[in-house]
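# A closer look at the structure
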Amino acid sequence: MDTEYYDDIIIGGGKAGKTLAPALVAAGRKTALVERSLTMIGGGCINIACISTKTMVASAEVAHTVRIVPFMAFKLPHLLLI
Ligand SMILES: Cc1cc2nc3c(=O)[nH]c(=O)nc-3n(C[C@H](O)[C@H](O)[C@H](O)COP(=O)(O)OP(=O)(O)OC[C@H]3O[C@@H](n4cnc5c(N)ncnc54)[C@H](O)[C@@H]3O)c2cc1C
């Protein structure tokens, strides 16, 4: 097995790692980035936190708005009420 040498090894391909890695490479350093999970490439923000949460909150707001429509001064077709 060949041995590879790096100036830096970053553990974690999240927001921090994927920001730092290109900066180190641009500075001429040989850098490795290690991510433990194929489903977590990009880190928590993209995969399970910020984006996912915002999507769920936006969906919940739409559902809430549709539910309270009957209590407003106008009506939507019956099928849209969930
Ligand atoms: C519900 C929720 C909502 C959020 N909303 C926002 C928002 O709106 N805006 C905002 O700016 N921030 C938000 N955040 C915070 C944001 O998600 C974090 O600040 C950001 O993800 C931190 O980035 P990071 O790179 O430090 O860590 P992470 O994104 O957690 O990345 C760490 C990575 O390291 C990997 N790893 C861990 N251990 C190992 C190991 N031993 N070997 C190899 N890889 C490993 C993980 O798999 C992961 O991919 C939110 C967080 C949560 C929980």
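It should be emphasised that the depicted structure is a prediction, and the values quoted were computed from it without experimental measurement. (Residues numbered from 1 in each chain as written. Predicted model: local features only at pLDDT ≥ 70, side-chain atom pairs only at ≥ 80, totals over all residues.)

### Re the overall build of the protein
This is how it is decided: In this description a helix means any DSSP run of H or I spanning at least four residues, a strand means any run of E spanning at least two, and both kinds are numbered starting from the N terminus. With C-beta atoms placed from the backbone, a residue is labelled by how many other C-beta atoms lie within 10 Å of its own: buried for 20 or more, exposed for 12 or fewer, partly exposed between the two. Distance between backbone-placed C-beta atoms decides contact: two residues are in contact if it is within 7 Å.
Each helix and strand counted, the protein has 3 helices and 2 strands in total. Seen in sequence order, the protein has helices and strands lined up from the N terminus as β-α-β-α-α. Across the 82 residues that make up the protein, the buried fraction comes to 0%. Long-range pairs, those at least 24 residues apart, make up 34% of the contacts in the protein between residues at least 6 apart in sequence.

### With respect to helix 3 (residues 50-68)
How we decide: A helix is expected to reach a length of 1.5 Å times the quantity of its residues less one.
End to end, helix 3 covers 27 Å across 19 residues, agreeing with the expected 27 Å (1.5 Å per residue, within 8%). With 0 of its 19 residues buried, helix 3 lies for the most part at the surface.

### Thoughts on the confidence of the model for the protein
Going by this rule: The pLDDT value tells you how sure the predictor is about a given residue, anywhere from 0 up to 100.
Scored by pLDDT, the protein has a mean of 90; 89% of the residues are at 70 or more. Here helix 3 stands out as the least confident element of the protein, with mean pLDDT 92; strand 1 (residues 8-11) is the most confident, with 98.

### What about the pairing of strand 2 (residues 31-34)?
For clarity, the threshold we go by: Here the rule is simple: two strands pair whenever DSSP picks up at least two bridges between them. Crossover handedness is defined by viewing with both strands directed away from the observer: a clockwise path from the first strand over the helix to the second marks the crossover as right-handed.
Where strand 1 meets strand 2, 4 bridges bridge the pair, whose relative direction is parallel. Counterpart to isoleucine 11 in the pairing with strand 2 is valine 34. For the segment spanning strand 1, helix 1 (residues 15-26) and strand 2, crossover handedness is right-handed.

### Re the site of the ligand
Spelled out, the test is: Put plainly, near means the residue's C-beta atom, positioned from the backbone, lies within 6 Å of the molecule or strand in question. When residue character is reported, Ala, Val, Leu, Ile, Met, Phe, Trp, Tyr, Cys and Pro are called nonpolar, Asp, Glu, Lys and Arg charged, and the others, Gly included, polar.
The full set close to the ligand counts 18 residues, and Gly12, Gly14, Ala16, Gly43 and Ala49 are the nearest of them. Tallied by class, the residues present in the shell around the ligand amount to 7 nonpolar, 8 polar and 3 charged.

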